[in-house]
Structure formats: C-alpha cells, structure tokens
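# Working through the structure, step by step
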Amino acid sequence: NLAPYRHKLLEYCLEWRATQSPYAASFLITHLQATGRTDAIYATVTDPKFQDMQRTVFGNVQPTLSDVKLAIDVAAEQDDLVSMLTCVAEYRRLIQAEGVTRGIFQAAGEGRFRKALELAAGCEGGHRSGRWSASLFCYLIWEAAEAGNLEAVRRFVAAGAGKLHQ
C-alpha cells in the first residue's frame, strides 16, 4: 500500500516555504492533483512566493508555466471556468513578464539603452517591483557604463534614482 508514502510526500511538499526543496518545487502540484485538492492547486500556482521559489530553484519560469498549464487542464476538467480563466490570466502574465525581461536584457546587450529604459519603465509594479527594479536599474547602469555611454548612464540613474534608495 503506497498511500501512506504518498501522504508523507505531499506533507513534505506542503512545507515548501520552509524547505525550499527542489522536490517540492517540482512535484507539489502533481501531488495536489493526485489527492483532488484543486483549490490548493489554483492557490499554489498563482502564489507569487511559490513562483519565486520555483524560479530560485530552477533558474527559469518553465516549471511554473508547466504547473499553471496543469492547473488550467484541471480547471477545464472540473468545468471551473473562473479558476481556468484565473490560471490563463496568470499564464499570460508570466509569459509577458518573461518576454519583457528578455527584451530589456537583449536591448541593453545590443547597446540600445533607450529601448531598454522604455521597457524597464513599463514593467513596474507587482510583488517584486522594489528589489527587482533596483537590481534592474543597477544592471542597466553598469551595462551603459561598460559601453562607455555616459548619456545612457545619466538617463538610467535619473529614471532609477527613487528605486535605488529603497
């Protein structure tokens, strides 16, 4: 009988905040699905702290996107339109955020600092905005300085001054 072991694995995964476990980051959603805990699936895949933990553990957004896709499938199977649309919106948000970030780094890497600043200004808000914005502007200042583009350095410092004092 495997039920006691599955239960122990689920309980372990539910402690993801404390453990920051790669196993929990990988398998919590499938364990929740196996036990029929659909509300916990939706709450977890849309939890910014769980998403941050997955990004920290894996270094990218792909596992989070996979979990959100699974949640969309579960909601569709349950005819739970509200949860399905909530998860679709979360998937869209994650994809857009990833795309904007990639665009910022690509523009900076190509020396297109005005474009990088424009994109960076557009990704304000959200649960990571304070530290993320400060880190992003520091990176952009460094890239512009490395490229010897004093005008871009000044623009980034001016645009990010409030964020850098947080």
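Calculation notes
Residues numbered from 1 in each chain as written. Predicted model: local features only at pLDDT ≥ 70, side-chain atom pairs only at ≥ 80, totals over all residues. Heavy atoms only, no water. Helix = DSSP H or I, 4+ residues; strand = E, 2+ residues; numbered from the N terminus. Buried < 20%, exposed > 50% of the residue type's maximum accessible area, 1.4 Å probe, protein only. Contact = heavy atoms within 4.5 Å. Expected span 1.5 Å × (residues − 1). Phe/Tyr/Trp six-rings, centres within 6.5 Å; stacked < 30°, edge-to-face > 60°. Salt bridge = Lys/Arg side-chain N within 4 Å of Asp/Glu carboxyl O.

### Re the environment of valine 61
On the secondary structure map, valine 61 appears in the loop between helix H5 (48–58) and helix H6 (62–77). For valine 61, a relative accessible area of 2% puts it in the buried group. For the pair formed by valine 61 and isoleucine 95, sequence separation is 34 residues and the distance between their alpha carbons is 8.6 Å. Those residues in contact with valine 61 that lie beyond four places of it in its chain are Arg55, Leu94 and Glu98.

### Focus: the environment of proline 63
Position of proline 63 relative to the elements: it lies in helix H6. It is 8.9 Å that separates the C-alpha atoms of proline 63 and glutamine 51, two residues lying twelve residues apart in sequence. Filtering out sequence-adjacent residues up to four positions away, proline 63 remains in contact with Gln54 and Phe58.

### So, helix H7 (residues 81–109)
For H7, with 29 residues, the first-to-last C-alpha span of 42 Å sits near the 42 Å given by 1.5 Å per residue. Positive phi appears at glycine 111, one or two residues downstream of H7, with a value of about 80 degrees.

### Focus: the side chain of threonine 64
The topology assignment puts threonine 64 in helix H6. Judged by its relative accessible area of 3%, threonine 64 falls in the buried class. Not counting residues within four places of it along the chain, the set of residues in contact with threonine 64 comprises Gln51, Gln54 and Leu94.

### Considerations on the packing of aromatic side chains
Evaluation of the coordinates by the stated rule reveals five aromatic pairs. Aromatic pair phenylalanine 105 and tyrosine 139: ring centres 5.0 Å apart, planes at 80 degrees, arrangement edge-to-face. Here tyrosine 139 lies in helix H9 (residues 129–146) and phenylalanine 105 lies in helix H7, a separation of 34 residues in the sequence. Given the relative accessible area of 31%, phenylalanine 105 is considered partly exposed. Centroid distance phenylalanine 113 to phenylalanine 156: 6.0 Å. Interplanar angle 85 degrees. Geometry classified as edge-to-face. Of this pair, phenylalanine 113 sits in helix H8 (residues 113–121) while phenylalanine 156 sits in helix H10 (residues 150–164), and the two are 43 residues apart along the sequence. The exposure class assigned to phenylalanine 113 is buried, which follows from its relative accessible area of 4%. An aromatic cluster is built from Phe105, Tyr139 and Trp142, whose rings are joined through pairwise contacts.

### Concerning the pattern of salt bridges
As enumerated under the stated definition, the model contains eight salt bridges in all. Residues glutamate 90 and arginine 93 are paired through a salt bridge, measuring 2.7 Å at the closest nitrogen-oxygen approach. One end of the pair is glutamate 90 and the other is arginine 93, both in helix H7 and three residues apart, which spans about a single turn. A relative accessible area of 11% places glutamate 90 in the buried class. Notably, a salt bridge pairs arginine 155 with glutamate 151, separated by 2.5 Å at the nearest N-O pair. Here glutamate 151 and arginine 155 lie together in helix H10, a separation of four residues that amounts to about one turn. Classification of arginine 155 as partly exposed rests on a relative accessible area of 21%. The exposure class of glutamate 151 is partly exposed, given its relative accessible area of 44%. Connected through salt bridges with shared partners, the residues Arg55, Glu98 and Arg102 form a single ionic network.

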